[in-house]
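What follows is the residue order along each chain.
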Amino acid sequence: VYSVESCSGTLKTQPGRQRAMPMVIDPIAEIECEAVVSAAAIAPDAKWLAWGSEDGVVRIVDLSTSEPTVLDPFNVDDSVSHLAIAAGDVIVVGTHASDLHGHERLGGRRWSHSLGGGCDHLHVSSDGGLIAAIDGGRHLHLLTENGVSRGRFTAGELVRLCVSEDGTMVAV
């Protein structure tokens with residue numbers, strides 16, 4: 001886990017073009033992982049970090065204190081393919097071969113939504129109001145933060161997606 005302290009430097013990316021570059025990147029903590037990490041996410045307020053692994057375990061670290069604290073992990077039914085953290089401490093977990101799940105930060109499952117062939121892509125708006133996922137059959141699923149379906153769409157080979165910060169648009 002790293003913290004970026006300043007962005008006062010510049011980086012030349014192309015002739016005549018520059019962008020800000022972090023000048024100091026310091027480790028906050030080193031955390032051992034017991035399985036291969038397949039997905040990771042940081043909360044919008046940067047107070048906690050979650051990662052999932054191929055063994056179906058989701059682990060969480062509380063970053064809100066001076067010393068990061070590892071919380072109790074929780075299990076999902078399949079290996080984790082994608083993670084996103086929505087406002088309100090909801091961790092959205094996409095799995096390789098089955099469903100999409102909404103979990104409390106402390107592990108309690110709020111909801112599940114069936115996906116055909118697992119979760120291939122996942123994106124959540126900043127406020128958590130819109131969750132978008134593309135399943136293994138290349139269908140787009142739109143859900144609310146409570147896991148209620150807002151629609152399922154098919155249009156050719158859907159392979160990427162992005163949700164606007166305010167949750168009003170989805171690009172596929």
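In what follows, the structure referred to is the one given above.
All figures in this text were calculated on a predicted structure; none of them were measured in a lab. (Residues numbered from 1 in each chain as written. Predicted model: local features only at pLDDT ≥ 70, side-chain atom pairs only at ≥ 80, totals over all residues. Heavy atoms only, no water.)

A. Looking closely at the overall build of the protein. Counting its secondary structure elements, the protein contains 0 helices and 19 strands. Burial statistics for the protein: of 172 residues in total, 42% are counted as buried. Considering only residue pairs separated by 6 or more positions, the protein has 33% of its internal contacts joining residues 24 or more positions apart. Total accessible area on the protein stands at roughly 9,400 Å², and carbon and sulfur atoms take up 50% of it. (Helix = DSSP H or I, 4+ residues; strand = E, 2+ residues; numbered from the N terminus. Buried < 20%, exposed > 50% of the residue type's maximum accessible area, 1.4 Å probe, protein only. Contact = heavy atoms within 4.5 Å. Areas by Shrake-Rupley, 256 points an atom, 1.4 Å probe, with all protein chains shown as cover.)

B. Structural context of the environment of serine 114. With respect to the helices and strands, serine 114 occurs in the loop between strand 13 (109-113) and strand 14 (119-124). The spacing of serine 114 and histidine 101 is 13 residues in sequence and 8.8 Å in space, taken between C-alpha atoms. Apart from residues lying up to four places away in sequence, serine 114 is in contact with Asp99 and His141.

C. Structural context of the environment of valine 163. Structurally, valine 163 is set in strand 18 (residues 162-163). Note on valine 163: relative accessible area 3%, which makes it buried. Taking the C-alpha atoms as reference points, valine 163 and valine 124, 39 residues apart in sequence, are found 6.3 Å from one another. Once you skip the residues sitting within four places of it in the chain, valine 163 turns out to touch His123, Val124, Ser125, Leu130, Ala132, Met169 and Val170.

Interpretation note: all reported values are geometric properties and have no functional meaning in isolation.
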